[in-house]
Amino acid sequence: MSQSKQSAGRRLSTITIDQAIAGASNVLIAILAARALGVAAFGLFGIVFIVYVTAQGASRALIGEPLLVHPAEAEERPGDAIGTGAVLGVSLGGVVALAGAVAHVWDGRLGNALLVLAVCLPFLVLQDLGRYLGFATHRPSYSLVLDLVWLVLVVVAVGVLSVTDRSTLTWFIAVWGGSGALAGLLVLPQHRITRLRFSLSWLRETWAYSWRYLVSFTATQGAALVTSIGVGAVAGARALGAVRGAILLTRPVGMVQAASIAAGTAEISRLEPGSPQVRRHVNRTTALTTGLALANMVVLLFLPDVLGRLVLGATWEPTQRLLLPATVQIVMLGLICGTRAGLTGMRAVRKTVRIDVASTVIISASTVTGAVIDGALGAYWALVVGQAVCAVIWWSVYLTHDPHSEPQARTRVVPDGAAASAEPATEGSEPAERN
């Protein structure tokens, strides 16, 4: 095996370990929150976490994901991306603070928790941006360190909360968000940043990509929201709770799949579009994500009831009957990961956005229809069918994509001497792809 293949394999292994830790951390936080907080406070924690995930997704779409197709700039000018991330983080924190002030009128606990999250959010954005910088610059060990530090800090902090009997929602968000904020500060010494330029210059340069990533993120988040509301309205709150339980159990593998897409995109963006190396990366990513999904299926389908109740409590019983379609759906997502990484790495951003918008319509319609037919179980099986259709679309577009028919992009050699990175011919221009 060549040294480049070995290096790519090591990076993918490190990223897989990192995402396994990140996924396990999310599950652990949910379990700790369920145990430390009361039922009502845990429900409010879920709202705060959704707000965090939404803000994090927006920052990834605007800054993190475009980094993956700009590896040379990520190597040469990480400070520009970090400075833009800081400005965006402060802006998102301001929006969350405003939401907290409004929520305070409805529930003081939720309002206080959102205000605490708003204070931590700029540094949480920095922590997540540091992970994407690690992927883009072929230093996934940096990402692993960031997640390990956050995990260790939050476990210690929650332990202190339990000992001091301060297990309120506000304190829990403070130790969770504060731990991540402290971990985020490590990004500066990792990339030897001594002074930041706080501006939106990076976002302006990558806007031709960024807005499309934002549209894709909005489409997928909108689909999740529509399906959640639809299942809840049609099948009832108990069914929705079972769906959330199934999502919690499959989340770790879902996070590994997301990271595999990021890693694959970062690798492919350095290669000649359409080359055999690109196909190898697509096949490797697909095999990894699908294999993990199949392993996850086996583990969850044979999970003992005692462990299921330990994680989900009373929600385990209604969730158990959803595990088969839930795990099959993750397998369908695994089949998509390689092609998404391939098309994104080859900068076919317009095509990926169109697929995401089409997928939103397919998944939303199929899931709500399934809920009408057979409640939560019908919704999940219909979701499986919808994801299978989407997988066929992704592979069809990937197999018929001809990168050589696109306008020629200038080539830059990345600092580590790896394969060249193709960039748009002019700064801020449209991606090299025709309609």
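Treat the numbers as computed from the prediction; the structure is a model and nothing was measured.

Peer 1: When you look at a nonpolar patch on the surface in this model, what are you seeing that I'm missing?
Peer 2: A surface patch of nonpolar side chains, about 500 Å² in accessible area, is lined by V298, L301, F302, L324 and W381. Examined against the element boundaries, L324 turns out to sit in helix α15 (residues 323–345). Classification of L324 by relative accessible area gives partly exposed; the value is 38%.

Peer 1: Whenever I open this one, the nonpolar core confuses me. Can you help?
Peer 2: Soluble globular proteins tend to pack their nonpolar side chains together in the buried interior. Core analysis: the biggest nonpolar cluster contains 56 residues, and F45, Y52, L67, L117, L121, I173 and W176 have the highest contact counts within it. Of all the secondary-structure elements, those providing two or more residues to this core are α1 (3–36), α2 (39–68), α4 (78–106), α5 (108–136), α6 (140–164), α7 (169–184), α9 (201–205) and α11 (237–268). The element that contributes the greatest number of residues to this core is α5, accounting for 16 residues. The contacts of I173, once residues within four sequence positions are left out, are F45, V48, A113, V116, L117 and G178. I261, C337, M346 and A348 belong to the second-largest nonpolar core, a separate cluster that totals 26 residues.

Peer 1: Which parts of the structure should I look at to understand the pattern of salt bridges?
Peer 2: Proximity of charged atoms lets side chains of opposite charge pair with each other. One pass over the full model with this rule turns up six salt bridges. D128 serves as the salt-bridge partner of R60, at 2.7 Å between the closest nitrogen and oxygen. Within this pair, whereas R60 is found in helix α2, its partner D128 is found in helix α5, the two being separated by 68 residues in sequence. Considered together, R60 and D128 belong to a single accessibility category, that of buried residues.

Scoring rules and cut-offs
Residues numbered from 1 in each chain as written. Predicted model: local features only at pLDDT ≥ 70, side-chain atom pairs only at ≥ 80, totals over all residues. Heavy atoms only, no water. Patch = residues over 30% accessible without salt bridge, like charges linked within 9 Å, V, L, I, M, F, W, Y side chains within 5 Å. Areas by Shrake-Rupley, 256 points an atom, 1.4 Å probe, with all protein chains shown as cover. Salt bridge = Lys/Arg side-chain N within 4 Å of Asp/Glu carboxyl O. Helix = DSSP H or I, 4+ residues; strand = E, 2+ residues; numbered from the N terminus. Buried < 20%, exposed > 50% of the residue type's maximum accessible area, 1.4 Å probe, protein only. Core = buried A, V, L, I, M, F, W, Y, C linked by side-chain atoms within 4.5 Å. Contact = heavy atoms within 4.5 Å.

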